[in-house]
Amino acid sequence: PFPIYARLREEDPVHWSPSLKSWIISRYTDVRDLLLSDHLSVRRLMQFYSSLPPQDAALLSDIVKYLDLWLAFRDPPDHTRVRRILRHAFTPKAVDAMRPGIEEIVHHLLDQLEERQADRIDLIREFALLVPAYVIMDMLEVPREMLAEFKSWSDDMAVFIGGARNADDKYHRAARGCQKMSSYFREIINERSANPRPGFLMDLINARDEGDQLTEDELVATCILILFAGHETTTNLIGNASLLLLRHPDQLAALRADPALIDGAIEEVLRHDGPTNALVRVVAQDHEIEGRKLREGERVFVMINSANRDPRIFEDPDRFDIRRNPNRHLTFGQGIHVCLGARLAREEGRVAVLELIKRFPDLALDDEPPEWLDAMVPRGTRRLPVRLRG
Ligand code: HEM
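How each quantity is defined
- In every chain, residue numbers begin from 1 and rise along the written sequence.
- A pLDDT threshold of at least 70 governs which residues receive local features in this predicted model, and a stricter bar of 80 or more applies before side-chain atom pairs are shown or counted, although totals over entire chains, interfaces and linings include all residues.
- Excluded from the side-chain calculations are hydrogens and water; all other atoms, namely the structure's heavy atoms, are used.
- As a rule, N, O and S atoms within 2.8 Å of a metal are its donors, except that Na, K and Ca use 3.2 Å; water is not among the atoms, so sites may look incomplete.
- Think of it this way: any DSSP run of H or I at least four residues long counts as a helix, any run of E at least two long counts as a strand, and we number them from the N terminus.
- In this description, strands pair whenever DSSP reports at least two bridges between them.
- Pairs of residues are marked as contacts when any of their non-hydrogen atoms sit within 4.5 Å.
- Convention adopted: a line fitted to C-alpha atoms gives each axis, helices being fitted over their contacting stretch, and angles between N-to-C directions are expressed from 0 to 180 degrees.
- The term salt bridge refers to a side-chain nitrogen of Lys or Arg lying within 4 Å of a carboxyl oxygen of Asp or Glu.
- Accessibility here uses a 1.4 Å probe with only protein chains present; expressed as a share of the type maximum, an area under 20% marks a residue as buried, one over 50% as exposed, and anything in between as partly exposed.
- Any pair of Phe, Tyr and Trp rings, taking the six-membered ring for Trp, is counted once the centres come within 6.5 Å. Such a pair is stacked with planes under 30 degrees apart, edge-to-face with planes over 60 apart, and tilted for the rest.
- Comment: the charge-over-ring label is applied if NZ (Lys) or CZ (Arg) is within 6 Å of the ring centre and within 35 degrees of the ring normal.

### Overview of the coordination of the iron atom of the ligand
Part 1 of the argument: Within the protein, a single donor atom binds the iron atom of the ligand, namely Cys339 (SG) at 2.3 Å.
Part 2 of the argument: In this structure, Cys339 sits in the loop between helix H16 (304–307) and helix H17 (342–359).

### Here we look at the sheet that holds strand S4 (residues 120–122)
Part 1 of the argument: Judged by pairing direction, the sheet is antiparallel, and its three strands sit side by side in the order S4-S12-S9 without closing on themselves. Of all strands in the sheet, those with a lone pairing partner are S4 and strand S9 (364–365), marking the two edges.
Part 2 of the argument: Here three bridges tie S4 to strand S12 (residues 385–387), and the two strands are oriented antiparallel to one another. Across the sheet, residue Asp122 finds its bridge partner in S12, namely Pro385.

### Thoughts on the sheet that holds strand S1 (residues 14–17)
Part 1 of the argument: Ordered in space as S1-S2-S8-S5-S3, the five strands form an open sheet in which the pairing is mixed. A strand with exactly one partner marks an edge of an open sheet, and here the two such strands are S1 and strand S3 (40–41).
Part 2 of the argument: Summarising the sheet, strand S2 (residues 22–25) and strand S8 (residues 299–303) pair through four bridges and their orientation is parallel. Within the sheet, the bridge partner assigned to Ile24 lies in S8 and is Phe301.
Part 3 of the argument: In this fold helix H2 (residues 28–36) packs onto S1, S2, S3, strand S5 (278–283) and S8, with an angle of close to 130 degrees to the strand it touches most, S8.

### Some thoughts on the pattern of salt bridges
Part 1 of the argument: The final tally for this structure, using the stated rule, is 46 salt bridges.
Part 2 of the argument: The residue Arg186 makes a salt bridge to Asp217 at a minimum N-O spacing of 2.9 Å. Of this pair, Arg186 sits in helix H11 (residues 170–194) while Asp217 sits in helix H13 (residues 216–247), and the two are 31 residues apart along the sequence.
Part 3 of the argument: According to the relative accessible area criterion, Asp217 is partly exposed, its value standing at 26%.
Part 4 of the argument: In this structure, Glu268 engages Arg324 in a salt bridge whose closest nitrogen and oxygen atoms are separated by 3.1 Å. A residue pair is termed long-range when its members are at least 10 positions apart, and Glu268 in helix H15 (residues 262–272) and Arg324 in the loop between H16 and H17 qualify at 56 residues. Note on accessibility: Glu268 and Arg324 belong to one class, buried.

### Remarks on the packing of aromatic side chains
Part 1 of the argument: All chains considered together, the criterion is met by eleven aromatic pairs.
Part 2 of the argument: Considering the side-chain rings of Trp70 and Phe228, the 6.0 Å spacing of their centres and the 45 degrees angle between planes classify their relative orientation as tilted. One end of the pair, Trp70, is in the loop between helix H5 (61–67) and helix H6 (78–86); the other, Phe228, is in helix H13, and 158 residues separate them in sequence.
Part 3 of the argument: A cation sits over an aromatic face here: Arg309 above Phe2, 3.6 Å from the ring centre.
Part 4 of the argument: Positioned over the ring face of Trp372 is Arg379, at 4.1 Å from the centre of the ring.

Here you go:
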């Protein structure tokens, strides 16, 4: 998409797309200013829900109940309240405490790859998908054996969230996935409340701000949100990092020689090929930008990955350079909704990439080319064929 982003930035930075019936915002300063503006709202769900025919609305009432409680879909003051409470669970200390668990997961997966003696593998399926899946399952106390079941529930729910089209039973699937997932989390939350045991889930249940706590429904919604927000994004961080490094052997060699470069390398992957191309907003109050008027109710795509390649901010923006400094990318968002899991995602990325290149010194791309996801929002590969032993 990058040549299109470049054209938009130069020719029409606040672009009205008739096919998407939405604004497309592509310059860094506009993206940042809009994310910081309280004229834009994240409550896009209700607009969609209220447009559904009654039988679909009835089917989806449960899923909408939970999504409506998601931090990511709430505006102040509801957002402010939930975010203040969640801050007490997502502390730097809590994330640091997860580091040994992340290392154990990464080592375990790499051990398995080593033992299997397979040379050609799909790095997404065999590694990049599994690291964040196991990290989140451990956080939320879902047994790792339930991976396949959990994945099918979340795929069913994603039919709704991801807006997949043209499936006759898509709302039935979404409703079923949500029902399974929410009752599962409700059970674990009740079990953990009755039998306290230290860990992230306990911290979440106990998180309190001036005496205020999350309700049981909010806890269930938050578990589902964490699962969605932290899984595919982090998979794409690990996948995109591997691909970029393998395509830039000089940078990979520099990183191997000096592993301290990993922090900069992860930031540069996040900038150059961030896992989320765009964020979506709805105009809550008329807003003027670059001489154009955004009107109440209109939808806005805020193009983060375009902002991250804006030559007004980044020198030679299409160059991948793990030593780039400064690197003020907008990949984790900006303002009140800025990613709560950024520290965790960076940690997962660092451990996964460093250990992978350490364990397989001859890692190389396979002749079979990677398959990119064909979607407007996520950026990453569906399949990334590599040779572990070169
Ligand atoms: C919000 C990106 C990983 C939890 C966000 C937002 C972005 C983002 C751009 C802002 C959304 C908006 O403004 O509409 C990413 C990327 C990740 C990542 C690129 C991986 C590389 C994670 C992880 C977790 C997480 C691992 C949790 C375990 C959240 C939550 C929010 C959020 C709860 C909502 C915050 C709010 O609305 O106040 N993320 N994320 N994210 N992220 Fe992440």
